[in-house]
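# Descriptive analysis of the structure
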Amino acid sequence: HVQLVESGGGLVQAGGSLRLSCAASGSIARINNMGWYRQAPGKQRELVATITRTGSTNYEDSVKGRFTISRDSAKNAVYLQMNSLKPEDTAAYYCSMAVATTDIPYWRDYWGQGTQVTVSS
């Protein structure tokens, strides 16, 4: 069993910063891609940023230059540094990891429970 736990969400004024963290625990053998997604009320969940095992990153256009994704493979963790936040960034943010466990030797996607980010104008 694998569990992802997120932290770091909260309420911030426009122009402010937040850092989200997500750590995985359980019977982890390897982790491949890691990513952050978000879902605003009434909207579909959308990709924010991803990072591969080798550190290659990909960002949704609206967050490029403002958000930075990083990972610490030794800690099974992924982070999202969010700067210059805007009210339209308000959403529940979810981390996701592609994990191979000690008993299931193929990649399977796991999700965190979500952390709320609210940006006031």
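Calculation notes
- Residues numbered from 1 in each chain as written.
- Predicted model: local features only at pLDDT ≥ 70, side-chain atom pairs only at ≥ 80, totals over all residues.
- Heavy atoms only, no water.
- Phe/Tyr/Trp six-rings, centres within 6.5 Å; stacked < 30°, edge-to-face > 60°.
- Lys NZ or Arg CZ within 6 Å of the ring centre and 35° of its normal.
- Salt bridge = Lys/Arg side-chain N within 4 Å of Asp/Glu carboxyl O.
- Helix = DSSP H or I, 4+ residues; strand = E, 2+ residues; numbered from the N terminus.
- Buried < 20%, exposed > 50% of the residue type's maximum accessible area, 1.4 Å probe, protein only.
- Pairing = 2+ DSSP bridges.

On inspection of all chains with the given rule, the structure shows one aromatic pair. Stacked on the ring of Tyr79, the Lys or Arg Arg19 has its end atom at 4.5 Å from the ring centre.

Moving on, we come to the pattern of salt bridges. Taken as a whole, this structure holds five salt bridges when the rule is applied. Here Arg38 ties to Asp89 by a salt bridge, and the two come within 3.0 Å at their closest N and O atoms. Of the two residues, Arg38 sits in strand E4 (residues 28–39) while Asp89 sits in the loop between strand E8 (77–82) and strand E9 (91–101), which places them 51 residues apart along the sequence. By the burial criterion, Arg38 is buried, and Asp89 matches it. Judged by relative accessible area, Asp89 falls into the buried class, the value being 1%.

Most of E9 sits inside the fold, with eleven of its eleven residues counted as buried. Note: E4 against E9, nine bridges, orientation antiparallel. Bridge pairing in E9 links Ile31 to Val99. When E9 meets strand E11 (residues 115–120), the two strands line up antiparallel, connected through three bridges. Across the sheet, Ala91 pairs through a bridge with Val117, a residue of E11. Bridge analysis of E9 against strand E10 (residues 108–111) gives four bridges, and the strand direction is antiparallel. Within E10, the position partnered with Val99 by the bridge is Arg108.

From the geometry alone we can't say anything about function, so treat these as descriptive.
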